[in-house]
Amino acid sequence: MSQDLPHPRDTFELIGAARAEQAFLDAIARGRLHHAWLLTGPPGVGKATFAYRAARHLMGATPSPGHGLLGAAAEDHVSRLVAGRAHPDLLVLQRDPEDGKTRKQIPVEEARGLPEFFAKTPAIAPWRVAIVDTADDLNPSGANALLKTLEEPPVRGIILLISDRPGALLPTIRSRCRMLHLTAPGEGETTAWLRQKRGIGDEDARRLSAMAGGAPGRAWRLTSTDAMAADDAARNILASLPRPDAAVMLALADRLRGAEGAERFTLLFERLAAQVHDMVAERALAGEGEGLDRWAETYGTLVDLPRAADAVNLDRADTFYTALARLAAQPC
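Residues numbered from 1 in each chain as written. Predicted model: local features only at pLDDT ≥ 70, side-chain atom pairs only at ≥ 80, totals over all residues. Heavy atoms only, no water.

Draft legend 1. A look at helix α1 (residues 18–29). Taking 1.5 Å of rise per residue, the 12 residues of α1 would be expected to cover 16 Å, and the 16 Å separating its terminal C-alpha atoms lies within 8% of that figure. Within the span of α1, buried status applies to Ala 20, Glu 21, Ala 23, Phe 24, Leu 25 and Ala 27. Backbone geometry just after α1 places Gly 31 at a positive phi near 70 degrees. (Helix = DSSP H or I, 4+ residues; strand = E, 2+ residues; numbered from the N terminus. Expected span 1.5 Å × (residues − 1). Buried < 20%, exposed > 50% of the residue type's maximum accessible area, 1.4 Å probe, protein only.)

Here it is in structure tokens:
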């Protein structure tokens, strides 16, 4: 189950995006293709995959209807150039280069290269295309450099911006883009896709799809983690409140320490927060309002604690016990 999800430039299918792809094609057909598109939606829904599909289409790749509205033939010359990162009319800005290094942000120097890229006429394609993956990874200087390009729309140039948090972007950037929101497919569609692509059983595929909110990329990545064990642990913790078994909690806390415990820590808090959220929503719909405010605050704590622990390098086991104490103090 350790197979990595193919990079978006090497992905030639995308489930659940037909409406967004039709909107993009309609804009082309009407001759009203906006120069900048802001692709939004939850993580793992396929925003980067959409961007590469749109780029291949704009740059003249041979269509492949069997791969959807923006599908392109993998063996096409354009597709091969994109896959090889060798297409002269495609520029990709991303936080982490593919040489194994890690960067905190997209360097401002790369964002400042956009005007020079778009100043040139297309070399071999009808359009020059830039993909920013993601706009969330631009620092203020990089965002301002991008804004200058957006303020002067390039001739025969299209910018595709990807964002998980569009509300955090500069309002002036959002106002100069056409927003296209991608939604997750239904959990049933993602379950079937996951079962086919990963060869896992129906129940496991269903659980992972539900945990991912139906987002295919997120569900795929969860198959290579202890997500279901974390989900079971979170359920057992909540069921045992207000007095969870001390020995069981100690054993669980020990598994959160060290390098190998980092992923378990993140998954456990994600599953605790998700299950508390679902419980609060269920009780609210049933008209059981008593104590829900305190549970809602606890949900916020479960979301914030891992970030705080990472920011100041807190002991993960201690952070877990802090969350456990907060949970135990809530009304049953």
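Draft legend 2. Quick peek at helix α15 (residues 316–328). Helix length check: α15 (13 residues) gives 18 Å between terminal C-alpha atoms against 18 Å at 1.5 Å per residue, within 8%. Buried residues in α15 make contact with α11 (227–240), α12 (246–254), α13 (258–285) and α14 (292–312). Residue Asp 315 occupies the N-cap position of α15, its side-chain oxygen lying 3.1 Å from the main-chain nitrogen of Ala 317. (Contact = heavy atoms within 4.5 Å. Polar contact = N/O pair within 3.5 Å; in protein donor to acceptor, adjacent residues only side chain to side chain.)

Draft legend 3. Examining the packing of aromatic side chains more closely. For the structure on display, the rule yields six aromatic pairs. With a centroid separation of 6.0 Å and 85 degrees between ring planes, the pair formed by Phe 24 and Phe 50 is classed as edge-to-face. Taken together, the residues Phe 24 in helix α1 and Phe 50 in helix α2 (residues 47–58) connect sequence positions 26 residues apart. The pair Phe 24 / Phe 50 is uniform in exposure class, with both members buried. Centroid distance Trp 193 to Trp 220: 5.7 Å. Interplanar angle 45 degrees. Geometry classified as tilted. Of this pair, Trp 193 sits in helix α8 (residues 187–198) while Trp 220 sits in helix α10 (residues 216–222), placing them 27 residues apart in sequence. In this structure, Trp 193 and Trp 220 share a single accessibility class: buried. Three or more aromatic residues joined by ring pairs make a cluster, and in this case those are Phe 24, Trp 37 and Phe 50. (Phe/Tyr/Trp six-rings, centres within 6.5 Å; stacked < 30°, edge-to-face > 60°.)

Draft legend 4. The arrangement of the pattern of salt bridges in detail. All told, the structure shown has 21 salt bridges when counted by the stated rule. We note a salt bridge from Asp 89 to Arg 128, for which the minimum N-O separation is 3.0 Å. In this pair, Asp 89 sits in the loop between α3 (77–83) and β2 (90–94) while Arg 128 sits in strand β3 (residues 128–133), placing the two residues 39 residues apart along the sequence. By relative accessible area, which is 7% here, Arg 128 ends up buried. Between Arg 257 and Asp 315 there is a salt bridge whose closest N-O contact spans 3.9 Å. Within this pair, whereas Arg 257 is found in the loop between α12 and α13, its partner Asp 315 is found in the loop between α14 and α15, the two being separated by 58 residues in sequence. (Salt bridge = Lys/Arg side-chain N within 4 Å of Asp/Glu carboxyl O.)

Draft legend 5. Region of interest: the sheet that holds strand β1 (residues 36–40). Ordered by their spatial adjacency, five strands build an open sheet running β2-β3-β4-β1-β5, and the pairing between neighbours is parallel. Edge strands, defined here as strands with exactly one partner in the open sheet, are β2 and β5 (178–181). Strand-to-strand, the axes of this sheet are offset by a mean angle of 20 degrees, without reference to chain direction. Looking at chain direction, β2 and β3 are connected through five bridges and run parallel. By the bridge assignment for β3, Val 92 is matched with Ile 131. Taken strand by strand, α2 contacts β1, β2, β3, β4 (157–163) and β5, and its axis lies near 170 degrees from that of β4. (Pairing = 2+ DSSP bridges. Axes fitted to C-alpha atoms, helices over the stretch in contact; angles between N-to-C directions.)

Draft legend 6. Seen up close, the nonpolar core. Judged by nonpolar contacts, the single largest core of 34 residues is most densely connected at Phe 24, Trp 37, Phe 50, Val 129, Ile 131 and Leu 160. The biggest single contributor to this core is α2, with seven residues. (Core = buried A, V, L, I, M, F, W, Y, C linked by side-chain atoms within 4.5 Å.)

Draft legend 7. Region of the structure containing the packing of helix α9 (residues 202–211) against α11. It is the contact of α9 with α11, at a shortest axis distance of 10 Å, that shows an interaxial angle of 75 degrees. One finds that α9 runs roughly perpendicular with respect to α11. Contacts from Asp 204, Arg 207, Leu 208 and Met 211 in α9 reach Ala 227, Met 228, Asp 231, Asp 232 and Arg 235 in α11. Counted by class, the contact of α9 with α11 contains four nonpolar, no polar and five charged residues. (Parallel < 35°, antiparallel > 145°, perpendicular 65-115°, else oblique. Nonpolar A, V, L, I, M, F, W, Y, C, P; charged D, E, K, R; others polar.)

Draft legend 8. Just the side chain of Thr 134, in detail. Position of Thr 134 among the secondary structure elements: in the loop between β3 and α6 (140–151). Its relative accessible area of 11% is what places Thr 134 among the buried residues. Once residues lying within four places of it in the same chain are set aside, the contact partners of Thr 134 are Ile 106 and Ile 162.

Draft legend 9. Looking closely at the side chain of Thr 49. With respect to the helices and strands, Thr 49 occurs in helix α2. For Thr 49, a relative accessible area of 11% gives the class buried. In this view, Thr 49 contacts Pro 8, Thr 11, Glu 13 and Leu 14; residues no more than four positions away in its chain are not counted.

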